[in-house]
Amino acid sequence: MKVILLLISFLMLAGCSSQTLQPPKYYVLSGSPGQLTPHKALHPAIEVHSIVLSDYLQSSNIVLQVSDHELFFSANHLWAEPLQVGIEKVLLNRFSNTQDLTTNEALQLDLNIDYFHIVDRDAVILSGSYSVENRAGDTWVRERFALREPLNDSGYEYAVSVMSSILGALSQEIAEKVAAHDSSAL
């Protein structure tokens, strides 16, 4: 009987020791340096003044919405840099390369993000509000936004690329609103 218990204990111990923990994976929104396009201007027409994230987005964990009211904070899929920094890099890169965005005034963007996460195997959502002002504090544009981009593949790496893409769509929306204001002011 003792031999059987010893054998069972040994098998259980061997089973526990054979499990390996997956190391965490780190992601950036801006992609690798080879994916960045060269800046056409040293200073973009719109500079990012501030980015305010909802409290749940302050951690380094990538967030996945698993039901209507439940969020999952991934322990193994993490942001390599603060999310505000990644968002700012993507927006500045896009603003620097927007050909339709030319203005004589230096403009500043204030961005508030309420939601920015993956919806379980379905989509990426990004919503909040923004305002664009000139240096004198005159508001050019103030808008709320809600963007949703479907996920056509699985995996965190793919989802992060869609998150970067949806930020590109937001930068395009902002650039179009600023261009419309600029042309109406002429």
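Before any of the text, the structure's been laid out above.
Please read these numbers as outputs of a predicted model, since none were measured by experiment.

A.B. asks: Tell me about the packing of aromatic side chains, and name the residues and values.
C.D. replies: Counting across every chain of the model gives two aromatic pairs. On the numbers, 6.5 Å between centres and 45° between planes, the contact of Y56 with Y115 is tilted. Here Y115 lies in strand β5 (residues 107-119) and Y56 lies in the loop between β2 (46-53) and β3 (61-67), a separation of 59 residues in the sequence. Relative to F145, the ring of Y130 has its centre 6.0 Å away and its plane inclined at 35°; by these criteria the two rings are tilted.

A.B. asks: Provide a residue-level description of the pattern of salt bridges, including the pertinent values.
C.D. replies: One pass over the structure, following the stated rule, counts five salt bridges. For D114, the salt bridge identified is with R144, shortest N-O distance 2.9 Å. Here D114 is found in strand β5, whereas its partner R144 is found in strand β7 (residues 139-150), with 30 residues between them in sequence.

A.B. asks: Provide a residue-level description of the pairing of β7, including the pertinent values.
C.D. replies: Across a regular strand the side chains alternate sides, sitting on one face of the sheet and then on the other. Here strand β6 (residues 123-134) runs beside β7; their pairing, made up of 11 bridges, is antiparallel. Residue pairing across strands places S129 opposite R144, the latter belonging to β7. Adjacent in sequence and paired antiparallel, β6 and β7 are bridged by four residues, among which G137 carries a positive phi angle near 95°.

A.B. asks: Can you tell me about the nonpolar core, naming the residues and giving the values?
C.D. replies: Nonpolar side chains tend to gather and get buried jointly when the protein is soluble and globular. In this structure, L29, I87, L109, L111 and F116 are the most contacted members of the largest nonpolar core, which totals 42 residues. Elements that contribute at least two residues to this core include exactly β2, β3, α2 (83-96), β5, β6, β7 and α3 (156-185). With 10 residues, α3 is the largest single contributor of residues to this core.

A.B. asks: Lay out α2 in plain terms, naming residues and giving numbers.
C.D. replies: For α2, built from 14 residues, the straight-helix expectation of 20 Å at 1.5 Å per residue is met to within 8% by its first-to-last C-alpha distance of 20 Å. The set of residues buried in α2 consists of L83, G86, I87, V90, L91, N93, F95 and S96.

A.B. asks: Provide a residue-level description of the side chain of H77, including the pertinent values.
C.D. replies: Following the sequence through the fold, H77 ends up in strand β4 (residues 70-79). There is a polar contact of 2.9 Å between the side chain of H77 and the side chain of Y27. Sequence-distant contacts of H77, defined by excluding residues within four places in its chain, comprise K25, Y27, S60, N61, I62 and Y156.

A.B. asks: I'd like to hear about the side chain of Q108, residue by residue, with values.
C.D. replies: Along the chain, the position of Q108 falls in strand β5. A relative accessible area of 19% places Q108 in the buried class. Contacts of Q108, omitting those with residues within four sequence positions, involve E47, H49, S131, V132, E133 and R135.

A.B. asks: Describe in detail the environment of Q172, supporting the description with residues and values.
C.D. replies: Mapped onto the fold, Q172 is located in helix α3. Relative accessible area serves as the criterion here: at 33%, Q172 is assigned to the partly exposed category. Through-space distance from the C-alpha of Q172 to that of L91 is 9.4 Å; in sequence the pair is 81 residues apart.

A.B. asks: Please give an account of the pairing of β5 that cites residues and values.
C.D. replies: Burial analysis of β5 places 10 of its 13 residues in the buried class, which makes it a mostly covered element. Here β3 pairs with β5 via two bridges, running parallel. When the sheet's bridge partners are listed, L64 is paired in β5 with I118. Strand direction decides the pairing type here: β5 and β6, joined by 12 bridges, are antiparallel. Bridge assignment links Y115 to a residue of β6, and that residue is S127. Counting the residues that bridge the hairpin from β5 to β6 gives three residues, and of these R121 lies at a positive phi of roughly 50°.

Parameters and conventions
Residues numbered from 1 in each chain as written. Predicted model: local features only at pLDDT ≥ 70, side-chain atom pairs only at ≥ 80, totals over all residues. Heavy atoms only, no water. Phe/Tyr/Trp six-rings, centres within 6.5 Å; stacked < 30°, edge-to-face > 60°. Helix = DSSP H or I, 4+ residues; strand = E, 2+ residues; numbered from the N terminus. Salt bridge = Lys/Arg side-chain N within 4 Å of Asp/Glu carboxyl O. Pairing = 2+ DSSP bridges. Core = buried A, V, L, I, M, F, W, Y, C linked by side-chain atoms within 4.5 Å. Buried < 20%, exposed > 50% of the residue type's maximum accessible area, 1.4 Å probe, protein only. Expected span 1.5 Å × (residues − 1). Polar contact = N/O pair within 3.5 Å; in protein donor to acceptor, adjacent residues only side chain to side chain. Contact = heavy atoms within 4.5 Å.

That's the geometry; what it means functionally is another story.
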